[in-house]
Each structure stands twice: as C-alpha cells, then as structure tokens.
Amino acid sequence: MDEFEFFFQKPWSDGLPIIPPTRERMAAMLSGTRLKASKVIGMVPPLMGEASIEAVAAHAVMAGCEPSYLPVVIAGLRALLAPKLNLNGVQGTMHSAAPLIIVNGPYAKKIGLHGGTGCFGPGFRANATIGRAIRLILMNLGGGVPISASMSTFGSPARYTFCIAENEEESPWEPLSVTRGFHQDEDVITAVMTEAPQGYIDDYSKEPESLFVGLADKISTLGSLNIWLKTQVVVALGPDHARMCADAGLDKKDVHRRITELARKPLGELKKSGYWREEMVAKWPIDADLQDDSFMVPAIKDEDDLILIVAGGTPGPVTAVMPGWVDGSEANTIDYRP
C-alpha cells in the first residue's frame, strides 16, 4: 500500500495527506529543540494522551513543519494546556470555536511566520503547518476527532490550522505581547478560543468614529456569544484601519476603549431572541435592570476580554473579527525560548 494511503486508512489524519514520520525525519525535527525527546509537556484532553517532545515532533513532521518551527509548536501546545483555557471543553463542544495561536517576537519573523496580507491563509508554510501540527495533536493525543469526541455541528476551516503572527512591522502601536505584560523583544505566544475570522470591510470611513460604529455592531450581533456571555473577542485591525486611527491621534488604549464603549445592544433586543434566559444574566459581571429594556448590554463585559491586534496587509480597508467561545475560557499568554 502507498505510504500516504496507509495514513488515510488510519484515524490519524485531518483529511489531508500526512508526511510519514520516518526515523530520519524525526531526527531532523528533533534537532529543532534543545529539549529531550522524553520530556513530557502535559496530557492532552479529553483522551489525556501524553504529549512528549517526541510525540509533538512526530506530529510536526506529519504536518509538514520545518525543524525550526518545532519550538513554536511546543510553546503553542503549552499555552493551550493551561486550565483556564478549557481545552477539554472546546474539544467536545457543539460550537465551531478553535484555538487561535497568535505569535509575537523576533523568532516568529526569523522562521517566516506571516502576519501580513493573507495571513490566515492559504500560502504560508509556517502558519499552515504549525497550526496543523497543533490540530493533529489535539486529534491524535487528545482524541478530538469528529463524531467520536468532537461534537462540533459544522466544524470550521479554523480547525485545520489557525496560527498567525501579529503584523508588528505595520502596526502603529505596541504589539499584543507588550499589552499582555511582556517585553517587545521576547518571543511570546497567545492562545485564545475563537470562531473563524469574519471580515469587516469599511473603505468609506475617513475618520475612526464611523469605523468604530460598524465594527462595534459586528462584535455585538445577537448571533454571537459575545453579547450573551462573558467571552473574549479578537479584533485584528487591518493596517489601513489602524493607521487611520493613529493618524487621528488615537493610541491603542483609545481604540480599545472606544470599541468597548460602542459594542452594545439594548436589553430589549436580547429579549426578542430565543437565546434569552434570565439565569444567564445572573452570571454577567455587570449590574443590569431586567425591567429596563433600554439598558445597553456590553458585548465586552470586561476590558480584558477585547484582544486587539494589527494583522493583514495593505492596501485593504478590512478588519477581522473573531468572536469568542464561552465564559469558561480565558486567553493564555506565555513566553518561550527557541
């Protein structure tokens, strides 16, 4: 049997061809890290398979990674295994959420992780294969296989691969890593559970305020869990939109604050939806008068729940919104040493 067909016959593939992890390829991949092959990073839920460096390297080979990508795969998995992220929950959810990996720092640039035009793919090996390696680990070590453990009604293209760098070169502001407490020269990874990117195009606005109005509406739609639960949302401002804001004298905190202020819906609108449940309101970290239909319910219920980055390329007056998953998942940011 053909070696590629052999892997298709096994429940080890994401539906795309797998590169066989031969002894030679494994040796080459393991040269990308100083960690011992036997070192265990953790147990991957819900199957609780052991994620040793050797096992992670095998999946990096299978996904098509270069050895230099291995430190990012390892760090990405480390970030995902933090309890606050609730990987176990997203592995079995009916939702379409997936772990988004955002990478900052000089090593991302060195290995060609892309944050510019077309960063969500296709076309960039580092982005595609690092994200794919993590997905294969979640399937094979964690058992997050459709129908078996993963109950995602539709799945998602983001469940193939979901890894980008921030476009630090074209950003007028500090990168996400600095916002979340690290130094700009550190290599940092942020993992957060989100839906696939949803484009917001605005090529008419000449000033930020009108841009924010439409963007806020995109974030606070009744069809998103953001308005219903205390979830996190990632907004990837395209460089054109970011530059418009900066040229108007707004810094990153100003943009963050204005989006948070505008992303709201009247309580009465929520009550019209079949998703409305009073017991859900009791979990909100805000005071809401259930008799006041004019009360404006914030989609971003805590300022830390808006994760703002700059990504994508120019020209292009487009921003990407990635709605969050549930209120039991919190983004995790860690540093790593290649």
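**Considering the sheet that holds strand E5 (residues 188-194)**
Step number 1: Judged by pairing direction, the sheet is mixed, and its four strands sit side by side in the order E4-E3-E5-E12 without closing on themselves. Here the strands that pair on one side only, and so sit at the sheet edges, are strand E4 (163-165) and strand E12 (332-335). In this sheet, adjacent strand axes meet at a mean angle of 20° when their direction is disregarded.
Step number 2: Relative to E4, strand E3 (residues 98-104) runs parallel, the two being bridged by three bridges. Within the sheet, the bridge partner assigned to Ile101 lies in E4 and is Cys163.
Step number 3: Along the sheet face, helix H4 (residues 70-80) touches E3, E5 and E12 and points at about 50° away from the line of E5.

**Quick word on the side chain of His95**
Step number 1: Note that His95 resides in the loop between helix H5 (87-92) and E3.
Step number 2: A polar contact of 2.9 Å, which involves the side chain of His95, links it to the backbone nitrogen of Ala97.
Step number 3: Setting aside residues no more than four positions away along its own chain, His95 makes contact with Ser152, Arg159, Glu195, Leu225, Gly324 and Trp325.

**A closer look at a nonpolar patch on the surface**
Step number 1: A cluster of nonpolar side chains, contributed by Val40, Met43 and Met48, occupies part of the molecular surface with about 240 Å² of accessible area.
Step number 2: Residue placement: Met43 occurs in strand E1 (residues 40-44).
Step number 3: Overall, the relative accessible area of 38% leaves Met43 in the partly exposed class.

The rules behind the values
Residues numbered from 1 in each chain as written. Predicted model: local features only at pLDDT ≥ 70, side-chain atom pairs only at ≥ 80, totals over all residues. Heavy atoms only, no water. Pairing = 2+ DSSP bridges. Helix = DSSP H or I, 4+ residues; strand = E, 2+ residues; numbered from the N terminus. Axes fitted to C-alpha atoms, helices over the stretch in contact; angles between N-to-C directions. Contact = heavy atoms within 4.5 Å. Polar contact = N/O pair within 3.5 Å; in protein donor to acceptor, adjacent residues only side chain to side chain. Patch = residues over 30% accessible without salt bridge, like charges linked within 9 Å, V, L, I, M, F, W, Y side chains within 5 Å. Areas by Shrake-Rupley, 256 points an atom, 1.4 Å probe, with all protein chains shown as cover. Salt bridge = Lys/Arg side-chain N within 4 Å of Asp/Glu carboxyl O. Buried < 20%, exposed > 50% of the residue type's maximum accessible area, 1.4 Å probe, protein only.

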